[in-house]
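Topology and contacts: notes
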Amino acid sequence: MTDAASVTPDPTAPATPAPAALARATPTSAAPAPATPTPATHAPAAPATSLPPVPTLTEVRPVPATPAVPVPAPVPSGAPTVLPDEHTYTADELFFSTTDSAGLIRRANAIFMRLSGYPRGALVGRAHNVVRHPDMPAGAFRSIWEDLEAGNAASAYITNRSSDRGRYRVFATIVPSGDGYLSVRTLPMLTGLRDAVEAAYTRVREVEAASAASGSTRREAAAAGQAALLAELGALGYRGTVDFTRQTLPAEVAALVASGVNIPRRPDATGPVATILAQMDGIEEGTAGMVSLLDVLARLVGLLGRRASAVTALSDRLGRLRESLRGVVADVGHLAPGEADAVRLRYRQVDSLVLECFEELRPLAGQITELRGDVDSVRFGIALTRLHNLAAGFFALQILDGQDALEENDAVGSLAELVSALSDGAASLTDRLALLDARRELVGGDLDAVAQALTATHAPLLDLLETAARAGAGRCQSVDAARALLGDGFPEALDLADLAGAVRDLAVPYEAEDLRERLRQVREALAEL
């Protein structure tokens, strides 16, 4: 495939291939300012020694929903830093490579050739780790390999090595493709995050070096690096490399689109490749509405996480309130037996209401967390669809403009793999949206029900406490505790009602039938080629 396809099960082997690393941005704010594109330079073309292939990975399953967690602090993006030995490229220069199941390069576009510095013939059939850069720690490879083996797609900030020992830095996204892998690379837009990750890589490599110096095997040193890397990610606010991938791809794609990267049109072009370009442009236009929601969905993910935590706290508060109310009844029975019956009657009515709220709240936190996972999944699916849409469109354009030739390196096969990845992602997105729609209706209704129940409980609670006070229990610890827990009522009810509205109003404009029809026309054009 690409960078991640070069990962081996033993990342400590002498020729460990280069998989993806990490990537994510805060889901509660707009993506940081995109990096300013810089002009491309030419990389030299000295061949390197062939490296061992990698083993076969298995299918990639959907990333499981993750529970609500604290949102990482945003990492500012400033002007991009260009290193002395760095080969640069512009934001609209998307490039890719594909490998077979053993990690041997089978296809790549001209931009990849230019940046790596290898001619086409020197790369095809080579292990992808020919472009591994020593700045990449073995622990990162180990983590990414485990993610891929577990069936998760991988996005990463990667530093690759060119044939002149220079470097080019990418944001890589790897997915399975037939019996191999496809990696699409873009210019890192969240440069602040990229720099933070690269700084973490430096510290991880120091851990690995110290481990090796103490007598550890390469495998043990890589394991130490992996543990250090996960700790670094935790410090940045991420739960691991899967969470990093899931959050960063949408943020990078949103920033890429915001920078003005879109598929150019060639209305006068003719032939099958022109048809493919036109259909990719149509898909881009038809999915623009949902792509524009990437930041909106990120904010909703953050809001759902906060509300899930608030619901858990409210459920705990209601449980303690019920205990205090039982104490109120006992105190009134002890201090004013004649008033006990009236207090018990009110208590039974109030406790029934509080219990109803408590029981409705208990599963609601989990449901909100699951809904958060669904929103997160849809956001990731939208970004992956747009990424492959852009990659296929730009490659068709490169063929039309003569940057790549149909007869070289199986360009038709490359187009087919890009289109297949787009088709698979679109089908997965359809499923993700169906699940989201079902869940948001369910959770929206439950949120409304709990909000109404909480509102209806406030007045009876006040009446019970006033009755207990009149019966002589006003200074009892139980009454004071109940009043403290009741406070000003349940302002959370308004928050939950607002969330119910936001969940119900969420509409992702996705014309699945139109996209399928355009992909059908693309396949017909590919058949002509």
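Residues numbered from 1 in each chain as written. Predicted model: local features only at pLDDT ≥ 70, side-chain atom pairs only at ≥ 80, totals over all residues. Heavy atoms only, no water.

The next thing to look at is the overall build of the chain. Helix and strand counts for the chain stand at 14 helices and 5 strands. Relative to its full complement of 529 residues, the chain shows a buried share of 55%. Looking at the chain alone, contacts between residues at least 24 apart form 82% of all its contacts between residues at least 6 apart. Element-wise, carbon and sulfur atoms account for 54% of the exposed surface of the chain, whose accessible area totals about 20300 Å². (Helix = DSSP H or I, 4+ residues; strand = E, 2+ residues; numbered from the N terminus. Buried < 20%, exposed > 50% of the residue type's maximum accessible area, 1.4 Å probe, protein only. Contact = heavy atoms within 4.5 Å. Areas by Shrake-Rupley, 256 points an atom, 1.4 Å probe, with all protein chains shown as cover.)

What follows concerns the packing of helix α11 (residues 411-473) against helix α13 (residues 492-505). For the pair α11 and α13, interaxial distance at closest approach is 8 Å and the crossing angle is 160 degrees. As far as their axial angle goes, α13 and α11 are roughly antiparallel. The way α11 lies across α13 gives a crossing that is left-handed. In this structure, α11 uses Arg440, Glu441, Gly444, Gly445, Leu447, Asp448, Val450, Ala451, Leu454 and Thr455 to contact α13, whose residues at the interface are Ala493, Leu496, Ala497, Leu499, Ala500, Val503, Arg504 and Asp505. Looking at the contact of α11 with α13 residue by residue, the classes come out as 10 nonpolar, 3 polar and 5 charged. (Axes fitted to C-alpha atoms, helices over the stretch in contact; angles between N-to-C directions. Parallel < 35°, antiparallel > 145°, perpendicular 65-115°, else oblique. Left-handed = near helix turned anticlockwise from the far one by under 90°. Nonpolar A, V, L, I, M, F, W, Y, C, P; charged D, E, K, R; others polar.)

A few words on the sheet that holds strand β2 (residues 105-108). Spatially, β2-β1-β5-β4-β3 is the arrangement adopted by the 5 strands of the open sheet, whose pairing is antiparallel. Both outer strands of the open sheet, β2 and β3 (154-161), are each paired with one neighbouring strand and no more. For this sheet, the mean angle separating the axes of adjacent strands, direction not counted, is 30 degrees. Here strand β1 (residues 95-99) runs beside strand β5 (residues 180-186); their pairing, made up of 5 bridges, is antiparallel. (Pairing = 2+ DSSP bridges.)

Before going further, it helps to examine the pattern of salt bridges. This model, assessed by the stated rule, comprises 29 salt bridges. Linking Arg504 and Asp448 is a salt bridge whose minimum nitrogen-to-oxygen distance equals 2.1 Å. You can see Arg504 sitting in helix α13 and its partner Asp448 sitting in helix α11, a full 56 residues away along the chain. (Salt bridge = Lys/Arg side-chain N within 4 Å of Asp/Glu carboxyl O.)

Quick look at the pairing of β3 now. In terms of residue burial, β3 counts as a mostly covered element, since 7 of its 8 residues are buried. Where β3 lies against strand β4 (residues 167-177), 8 bridges are found, and the strand directions are antiparallel. Paired with Tyr157 across the bridge in β4 is Phe171. The turn linking β3 back onto β4 is made up of 5 residues, and Arg165 within it adopts a positive phi angle of 70 degrees.

Our next topic: the environment of Tyr201. If you trace the backbone, Tyr201 turns up in helix α4 (residues 191-213). Spatially, the C-alpha atom of Tyr201 lies 7.3 Å from that of Leu229, the residues being 28 residues apart in sequence.

Moving on to the nonpolar core. Burial of nonpolar side chains together is a common tendency in soluble globular proteins. Met280, Leu318, Leu325, Ile368, Ile382 and Leu454 are the most contacted members of the largest nonpolar core, which totals 146 residues. Broken down by element, the residue count for this core peaks at 26 residues, all from helix α10 (residues 340-400). With near-sequence residues (within four places) excluded, Ile368 lies in contact with Leu304, Arg307, Ala308, Val311, Val443, Leu447 and Leu499. (Core = buried A, V, L, I, M, F, W, Y, C linked by side-chain atoms within 4.5 Å.)

All right, on to the confidence of the model for the chain then. Caution applies to low-pLDDT parts of the model: their predicted coordinates are not meant to be read in detail. Across the chain, pLDDT averages 84, with 85% of residues at or above 70. Long-range and interchain partners of residues 4-71, a stretch whose pLDDT sits below 50, account for 248 contacts in this model, where long-range means more than four residues apart. (pLDDT = per-residue confidence, 0-100.)

Evaluated as defined, the whole model comprises 7 aromatic pairs. Taking the centre distance of 6.4 Å and the plane angle of 35 degrees together, the rings of Phe95 and Phe112 count as tilted. Of this pair, Phe95 sits in strand β1 while Phe112 sits in helix α1 (residues 110-116), placing them 17 residues apart in sequence. Between Tyr238 and Phe244, the ring centres sit 4.9 Å apart and the planes meet at 90 degrees, which makes this aromatic pair edge-to-face. Summarising the burial analysis for this pair, Tyr238 and Phe244 share the class buried. Members of the aromatic cluster, each reached through a chain of ring pairs, are Tyr89, Phe95, Phe112 and Tyr168. (Phe/Tyr/Trp six-rings, centres within 6.5 Å; stacked < 30°, edge-to-face > 60°.)

Bringing the packing of α4 against helix α5 (residues 218-236) into the picture now. Running from N to C, α4 and α5 point in directions that differ by 150 degrees, and their axes come no closer than 8 Å. By the criterion of interaxial angle, the relationship of α4 to α5 is roughly antiparallel. Crossing angle aside, the handedness with which α4 passes α5 is right-handed. Residues Ala196, Ala200, Tyr201, Arg203, Val204, Val207, Glu208, Ser211 and Ala212 of α4 form the contact with α5, whose own contacting residues are Glu220, Ala221, Ala222, Ala224, Gly225, Ala228, Leu229, Glu232 and Leu236. For the contact of α4 with α5, the residue count by class is 12 nonpolar, 2 polar and 4 charged.

To continue, consider helix α6 (residues 241-258). The end-to-end C-alpha distance of α6 is 25 Å, a good match for the 26 Å that 18 residues give at a rise of 1.5 Å each. At Thr248, α6 shows its maximal kink, close to 25 degrees; a proline, Pro250, follows between one and four residues later. Judged by how many residues are buried, α6 sits mostly within the fold: 15 of 18 residues are covered. (Expected span 1.5 Å × (residues − 1). Bend = angle between axes of the 7 residues up to and from the residue.)

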